[in-house]
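Summary of the model geometry
Chain by chain, the residues:
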Amino acid sequence: MQEICMVGSGYVGLVSGACMADFGNEVICVDTDEEKIEKLKRMEIPFYEFALGEIVKRNMDEGRLSFSSSLEEGVKRSKVVFIAVGTPPDAEGEADVSDVLKVAAEIARYMTDYRLIVQKSTVPVGTGAKVRDTIRENLAKDVEFDVASNPEFLREGSAVETFMRPDRVVIGAWSAKAEEILADIYAPLYLNETPMVRTTVETAELIKYTANAYLATKISFINEIANLCEKVGADVKVVAKAIGLDRRIGPKFLHAGIGFGGSCFPKDTMALAKFSEQVGEPLRIVNATISINREQRKRVIDRIRGAVSPAKGKKVAVLGLSFKPNTDDLRDAPSLDIIEALTADGAGVRTFDPVSMPAARGLVKGIKFCRDAYDAVSGADAMVLVTEWNEFRRMDLTKLYSLMRRPVVIDCRNVYDPSEMVRLGFTYFGVGRGTPPPPPSTLAKERVRQAAAGKKKRKKAPARGKRSRAGTARGKTKRPAPSAVIRASAGKARRASGKAGRSTGGRSGATGRKGPSAKPERASARAKGPARKTKSPARKPKGSTAGPRGSARKRRG
Ligand SMILES: NC(=O)c1ccc[n+]([C@@H]2O[C@H](COP(=O)([O-])OP(=O)(O)OC[C@H]3O[C@@H](n4cnc5c(N)ncnc54)[C@H](O)[C@@H]3O)[C@@H](O)[C@H]2O)c1
């Protein structure tokens, strides 16, 4: 059993402190945020994290976990002091370690005998050495101490589970004594054979950044492939699945979408890029990962804007606010940028998130927070799925369709099946699952065209009557589905504006699907091009034209 002080009671400090108490250690969690500490003393968890409340309560009840806003009390009552305060990016994107060093100086002033100071915050290589020097300079008494690094790999949304069952524990130490104390704290994990990587402080510091940068790189990589998929009519979900089945690659972090956000990946990739540059070894892959991610967010937001253009007076439902499911963390959440863009364009935003609305109310003004997802989409001109909470995956799509004023869905996480969405009558935009929507100007033109076309008897689209290699078996539908008509007219609009050569077809974002709107020139391009061999949802047999779309469309006029 070790006596531990955890400085910083945020996501990392509180989860780590509570779980270490659960291992049988005696833990005091300290934070300068007195309101947070008072809440914790009343067993109120300041953020949403599954199973954390239970573990905090159990360990408080059993007297192993306590809270204080006094660092002096924390240092006096412990042998091991973990630093788990924030390391946000500064104006240059570098990790700001000033809170870490401030805490180190303060710890030094309260040390009366040996302490092990463990760096848990994510910090650039060299910070451990700075912590050691800071402590040395600020010691009130000449006492022995060690500094170690124990980077944290927990994942918000499943933080307790990932702390209790980590893939590995990294212990970076300069002395055997420090290493043994840390190994003792994590001893319960030996039972489930958690690998322990014992190394130096510098290596441990770099491991954390390398892990996050690698995961972020996988995301940016698949997003680039997604963009290529859109150009060639391939489906990135199938590409990702197929490559992920290769055990050397693995399936994780290969989900194309709006890119990464949250409190770690954006800041950690940036910090790594900065300090690698400072030491004269700039990491080109990490720099590319960052810029691809930035562009991807912009690209998807442009897509949303295009799909609702002109936005003025439209109602847009934004589903999901947190940067990922199962957390209420809104740090660098794409939802915030999407909402900002939509409101700037004049759209009215209605939103729902199962847990992050209380946190969002303080950050976002002028939007409507709704009871549930169905309430949010009621009367909406478009729905944007931003965070893939399970309850959004399981929505009743028929009900969704009937509630929306216009059945336009922009799926930033590729949660829905494009062919199913189109079959149901939605105008569906995914990421990397076929052809992207036209730019806003073209789309606006296309809407005018549609409105005009609605007054005339609709002519048969040329592609429909023709059989192409791509559409031979499944492209024959006597009456085009309404969404297919939209796609066909969008294609015409593009050809008319001389963009046909670049375009891969007349679809407005419903992906890889070769339905009645496939055109002969597209089919032959496919036959020659790389997309030819790509089997995508587009090739699924076309579903029945029955369903909600007929009647609901009529209602919309
Ligand atoms: N959130 C994650 O998923 C995650 C995962 C692994 C590593 N990390 C890293 O862990 C560190 C902490 O991240 P977080 O998400 O827990 O941040 P956080 O903002 O949730 O928590 C930091 C806490 O430190 C407190 N604090 C600040 N200065 C203090 C001081 N001088 N004394 C005492 N308390 C102080 C703040 O009040 C806050 O409660 C960061 O370096 C982060 O990169 C985060």
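On a predicted model such as this, the values are computed, not experimentally measured, just so you know.

Criteria and thresholds
In every chain, residue numbers begin from 1 and rise along the written sequence. Where totals are concerned, whole chains, interfaces and linings use all residues; where local detail is concerned, this predicted model gives features only for residues with pLDDT of at least 70, and gives and counts side-chain atom pairs only at 80 or more. To decide nearness, the C-beta atom of each residue is placed from the backbone, and the residue is near a molecule or strand if that atom lies within 6 Å of it. Helical segments are the DSSP runs of H or I of at least four residues, strand segments are the runs of E of at least two, and each set is numbered from the N terminus. Amino acids are sorted into nonpolar (Ala, Val, Leu, Ile, Met, Phe, Trp, Tyr, Cys and Pro), charged (Asp, Glu, Lys and Arg) and polar (every other residue, Gly among them). Strands are labelled as partners when DSSP assigns at least two bridges between them. Contacts here follow a simple rule: the backbone-placed C-beta atoms of the two residues must lie within 7 Å. What counts as an axis is a line fitted to C-alpha atoms, over the stretch in contact for a helix, and the angles between N-to-C directions run from 0 to 180 degrees. Note on terminology: a nonpolar core is a set of buried residues of type Ala, Val, Leu, Ile, Met, Phe, Trp, Tyr or Cys, with members joined through C-beta atoms within 7 Å. Buried, partly exposed and exposed are defined by the number of other C-beta atoms within 10 Å of a residue's own C-beta, namely 20 or more, between the two limits, and 12 or fewer respectively, with C-beta atoms placed from the backbone. The start and end points of each domain follow an automatic or database-based domain assignment. For the handedness criterion, the strands are oriented away from the viewer, and a crossover whose path from the first strand over the helix to the second runs clockwise is classed as right-handed.

**Some words on the site of the ligand**
Among the 26 residues in the neighbourhood of the ligand, the closest are listed as Gly8, Gly10, Val12, Ser121 and Thr122. Listing elements by their share of the shell around the ligand, those giving two or more residues are α1 (11-22) and α5 (98-110). Residue classes in the shell around the ligand are distributed as 9 nonpolar, 10 polar and 7 charged.

**Quick notes on the sheet that holds strand β14 (residues 427-429)**
The strand order across the open sheet formed by 6 strands is β11-β10-β9-β12-β13-β14, and the pairing between neighbours is parallel. The sheet is open, and its two edges are formed by β11 (368-369) and β14, each paired on a single side. Strands β9 (315-319), β12 (382-385), β13 (408-411) and β14 of the sheet are contacted by helix α12 (residues 284-308), whose axis makes an angle of about 180° with β13. Of the strands in this sheet, β9, β10 (348-352) and β12 are in contact with helix α13 (residues 334-344), which crosses β9 at around 175°.

**Brief notes about the nonpolar core**
Counting residues in each nonpolar core, the largest one holds 138 residues, and the members touching the most others are Val7, Ile107, Ile117, Val316, Leu319, Met383 and Val384. Top contributing element to this core by residue count: helix α9 (residues 201-232), with 10 residues. Split by domain, this core shows at least three residues from each of two domains, domain 1 (3-199) and domain 2 (208-292).

**Regarding the sheet that holds strand β2 (residues 26-30)**
Spatial strand order, β3-β2-β1-β4-β5-β6-β7-β8: 8 strands in an open sheet with mixed pairing. The sheet is open, and its two edges are formed by β3 (65-68) and β8 (196-199), each paired on a single side. Strand after strand, the sheet turns through a mean of 25° between neighbouring axes, direction not considered. Note: strand β4 (residues 80-83) against strand β5 (residues 115-119), 4 bridges, orientation parallel.

**A few points about the pairing of β10**
Among the 5 residues of β10, 4 are classified as buried, and the element is accordingly described as predominantly covered. The pairing of β9 with β10 spans 5 bridges and is classified as parallel. Across the sheet, valine 316 pairs through a bridge with valine 349, a residue of β10. Following the chain from β9 across α13 to the adjacent parallel β10, one finds a crossover that is right-handed. Direction of pairing for β10 relative to β11: parallel, over a ladder of 2 bridges. Following the sheet pairing, arginine 350 is matched in β11 by lysine 368.

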